[in-house]
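# Structural description and commentary
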Amino acid sequence: MRIGYGWDSHEFKAGIPLKIGGVTLSYAKGLGGHSDGDVLLHAITDALLGAIAGPDIGSLFPPSDPQWKNADSALFLQEALKRIKTAGYELVNLDSTLVLSAPKIGPHADAIRKHVAELCGIPADCVGIKAKTPEGLGTENAAIANVAVLLARKGQEAR
């Protein structure tokens, strides 16, 4: 078995859609980034890559490369999933905590959970989505995602 941890943050900016976990949320600002700024999918990608001691998301998809401008972060996740499969592992479950002042994630958590599970090819009850407010951290204009993943060798029952 392998455990991976991923972390990402992006600043809120006006004029762009807000995507979290591949789900577009109705909000006045989106998350700035070279790609679509999806902090959750970025953190999941890094957690998966870290679990197999692979390169990080920035090494595989550098922000200096124009081909990744406004890219759908699901592409990054697909590459990480392909790499864990090639390494002989499969994703068992993932747990995430989002840190942001707004919008409230609770009303969207189930949709995000289901979409992330679909993207990852695992049951929705194997995806944890939680949210916290930053409360004094000085990050009110940003969103942060923390993710832990558990991988098992293909063919081993870990569920």
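Structure: above.
Residues numbered from 1 in each chain as written. Predicted model: local features only at pLDDT ≥ 70, side-chain atom pairs only at ≥ 80, totals over all residues. Heavy atoms only, no water.

This part is about the pairing of strand β1 (residues 2-14). Pairing between β1 and strand β7 (residues 142-153): ten bridges, direction antiparallel. From the neighbouring strand, Y5 faces β7, where its bridge partner is A148. Across three bridges, β1 lies against strand β4 (residues 29-31) in antiparallel orientation. Within the sheet, the bridge partner assigned to K13 lies in β4 and is G30. (Pairing = 2+ DSSP bridges. Helix = DSSP H or I, 4+ residues; strand = E, 2+ residues; numbered from the N terminus.)

As a further point, take the side chain of T45. Note that T45 resides in helix α1 (residues 39-51). Here T45 is in contact with I57, F76, L77 and A80, once residues within four sequence places are set aside. (Contact = heavy atoms within 4.5 Å.)

Turning our eyes to something else, we now look at the sheet that holds strand β5 (residues 89-99). Taken in spatial order, the five strands line up as β4-β1-β7-β5-β6 in an open sheet, and their pairing is mixed. Pairing within the sheet leaves two strands with one partner each, and these edge strands are β4 and β6 (127-132). Strand after strand, the sheet turns through a mean of 25° between neighbouring axes, direction not considered. For β5 and β6, the ladder comprises six bridges, and the chain directions are parallel. Bridge pairing in β6 places S96 opposite I129. Those strands touched by helix α4 (residues 109-120) are β5 and β6, and its axis lies near 140° from that of β6. (Axes fitted to C-alpha atoms, helices over the stretch in contact; angles between N-to-C directions.)

This model, assessed by the stated rule, comprises seven salt bridges. A salt bridge links R83 to E79; the nearest nitrogen and oxygen atoms lie 2.8 Å apart. Taken together, the residues span about one helical turn, with R83 and E79 both in helix α3 (residues 74-86) at a distance of four residues. The class of R83 is partly exposed, set by a relative accessible area of 30%. In this structure, K130 and D95 form a salt bridge, with 2.7 Å as the shortest nitrogen-oxygen distance. Pair noted here: K130 is in strand β6 and D95 is in strand β5, with a separation of 35 residues, a long-range link. (Salt bridge = Lys/Arg side-chain N within 4 Å of Asp/Glu carboxyl O. Buried < 20%, exposed > 50% of the residue type's maximum accessible area, 1.4 Å probe, protein only.)

These values are about where atoms sit, not about what they do.
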